[in-house]
Amino acid sequence: MGKKILSHEFFTRSAVDVAEDLLGKCLIRKIGKKTGVYTITETEAYEGPYDKASHASRGRTARTEVMFGPPGHFYVYLCYGMHWMLNIVTGPIGHPAAVLIRATRSSTVNISIRTRGVLILDGPGKLTKALKIDKGLNALCASPKAGLWFEDRGIKMSKNQIKKTPRIGVSYAGPVWSKKKYRFILKKLPKEELSSFPAG
DNA sequence: ACGATGATGAAC
DNA sequence: TTCATCATCGTA
């Protein structure tokens with residue numbers, strides 16, 4: 001099976017396109033000798049300074065600076081005083097946009113009790129907690145060097161597997177932007193296509 | 001339905 | 001310097 005690291009070009013597009021295309025791609029987390037593979041099942045696009053739901057709509061600040069930088073870098077910030085949100089910057093330099101990674105799914109193999117199951121991380125805060133993602137990754141380039149990156153592992157996607165809905169928790173963005181269907185959900189993923197990570 | 005919990009940005 | 005506001009989650 002091919003394992004292609006998603007690089008610069010993949011993220012140099014509109015956040016909406018990247019958000020949709022990230023479904024079925026894999027998020028890889030390496031800490032020490034342990035490597036986890038997590039298939040992305042839910043994303044949200046925050047597209048540009050005109051998007052009232054985006055932090056970038058209030059201009060260039062210390063926090064949003066990363067969004068104005070190069071694509072393929074992480075934008076990580078604290079939400080509600082306790083949850084880290086993982087975003088990946090998209091579009092060309094100077095265009096503030098990013099995609100929020102909201103949920104993943106991966107197969108698990110627990111050798112000690114000889115069971116096989118599925119690990120579902122179904123919320124942006126749960127995901128970062130499980131993958132030990134925090135401010136330390138902010139502004140870093142997605143890469144093995146950072147210990148966190150994206151890969152295409154050959155999962156085939158078709159449009160009818162994707163559900164589009166308005167984004168979560170953005171009512172403050174006004175009637176137009178809060179209603180945009182910029183949230184992408186992968187409805188189902190065949191078991192054999194689930195990525196796995198080594199136990200122990 | 002609501003409280004936890006702290007950074008952020010805007011107002012004064 | 002103060003204040004309202006959050007791209008959420010777990011418990012009720």
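Notes on the structure follow. All values reported here derive from a predicted model rather than from experimental measurement.

## Comments concerning the protein's contact with DNA strand B
- Neighbouring DNA strand B are the residues Arg-58, Thr-61, Arg-63, Tyr-80, Gly-81, Met-82 and Lys-135.
- Sugar and phosphate atoms constitute 54% of the interface atoms of DNA strand B, taking the interface as everything within 4 Å of the protein.
- A distance of 2.4 Å separates a base oxygen of DNA strand B from a polar atom in the backbone of Tyr-80.
- Contacts to DNA strand B include Gly-81, whose backbone N or O atom sits 3.4 Å from a base nitrogen.

## Topic: the packing of aromatic side chains
- Scanning all chains against the criterion turns up six aromatic pairs.
- The interplanar angle of 35° and the centroid separation of 6.0 Å between the aromatic rings of Tyr-50 and Trp-177 together place this pair among those described as tilted. With Tyr-50 in the loop between strand 3 (34-47) and strand 4 (74-79) and Trp-177 in helix 4 (residues 174-177), the pair connects residues that are 127 residues apart, well separated along the chain.
- Given the relative accessible area of 45%, Tyr-50 is considered partly exposed.
- Residue Trp-177 is classed as buried on the basis of its relative accessible area of 17%.
- Linked through ring pairs, Phe-10, Phe-11, Phe-74 and Phe-150 together constitute an aromatic cluster.
- A cation over a ring is seen here: Arg-167 above Tyr-46, with NZ or CZ 4.8 Å from the ring centre.
- Cation over ring: Lys-180 sits above Trp-177, and NZ or CZ is 4.9 Å from the ring centre.

## Examining the nonpolar core
- Judged by nonpolar contacts, the single largest core of 49 residues is most densely connected at Leu-22 and Phe-150.
- Of all elements in the fold, only helix 1 (8-11), helix 2 (15-21), strand 3, strand 4, strand 5 (83-89), strand 6 (97-110), strand 8 (148-152) and strand 10 (183-186) reach the threshold of two or more residues within this core.
- Setting aside its immediate chain neighbours within four residues, Phe-150 contacts Lys-4, Ile-5, Leu-6, Phe-11, Leu-22, Cys-26, Leu-27, Ile-40, Phe-74, Ile-88, Ile-101 and Ala-142.

## Quick notes on the pairing of strand 10
- Residue alternation in strand 10 divides its side chains into two sets, Arg-183 and Ile-185 and Phe-184 and Leu-186, and both sets are buried.
- Across three bridges, strand 3 lies against strand 10 in antiparallel orientation. Bridge pairing links Thr-43 to Phe-184 in strand 10.
- In the sheet, strand 9 (residues 162-165) pairs with strand 10 via four bridges, with the strands oriented antiparallel. In the sheet register, Ile-162 faces strand 10, and the bridge partner there is Leu-186.

## Side note on the side chain of Thr-165
- Along the polypeptide, Thr-165 turns up in strand 9.
- Residue class for Thr-165 comes out buried when judged on its relative accessible area of 11%.
- With sequence-adjacent residues up to four places away left out, Thr-165 is seen in contact with Lys-180, Lys-181, Tyr-182, Arg-183 and Ile-185.

## Some points on unusual backbone geometry
- A positive phi angle, near 55°, is found at Tyr-80, a position not held by glycine.
- Among the secondary structure elements, Tyr-80 is positioned in the loop between strand 4 and strand 5.
- Note on Tyr-80: relative accessible area 69%, which makes it exposed.
- Phi angles above zero are rare outside glycine, and Lys-132 is one such case at about 55°.
- With respect to the secondary-structure elements, Lys-132 resides in the loop between helix 3 (124-130) and strand 8.
- When its relative accessible area of 59% is taken as the criterion, Lys-132 is described as exposed.

## Examining the pairing of strand 2 (residues 26-31)
- Sheet topology places strand 2 next to strand 3; six bridges connect them, and they run antiparallel. The residue of strand 3 that forms the bridge with Lys-30 is Thr-35.
- Linkage of strand 2 to strand 3, two consecutive antiparallel strands, is achieved through a turn of two residues, within which Gly-32 is found at a positive phi near 65°.

## Here we look at the protein's contact with DNA strand C
- His-55, Tyr-80, Asn-87, Gly-125 and Tyr-172 are the nearest of the 20 residues found near DNA strand C.
- Contact between DNA strand C and Tyr-46: a sugar or linking oxygen at 3.5 Å from a side-chain N or O atom of the residue.
- Within the side chain of His-55, a nitrogen or oxygen atom sits 2.8 Å from a phosphate oxygen of DNA strand C.
- When contributions to the surface near DNA strand C are tallied by element, the ones reaching two or more residues are strand 4, strand 5, strand 6 and helix 3.

Calculation notes
Residues numbered from 1 in each chain as written. Chains lettered and ligands numbered in written order. Predicted model: local features only at pLDDT ≥ 70, side-chain atom pairs only at ≥ 80, totals over all residues. Heavy atoms only, no water. Near = heavy atom within 4 Å. Polar contact = N/O pair within 3.5 Å; in protein donor to acceptor, adjacent residues only side chain to side chain. Phe/Tyr/Trp six-rings, centres within 6.5 Å; stacked < 30°, edge-to-face > 60°. Helix = DSSP H or I, 4+ residues; strand = E, 2+ residues; numbered from the N terminus. Buried < 20%, exposed > 50% of the residue type's maximum accessible area, 1.4 Å probe, protein only. Lys NZ or Arg CZ within 6 Å of the ring centre and 35° of its normal. Core = buried A, V, L, I, M, F, W, Y, C linked by side-chain atoms within 4.5 Å. Contact = heavy atoms within 4.5 Å. Pairing = 2+ DSSP bridges.

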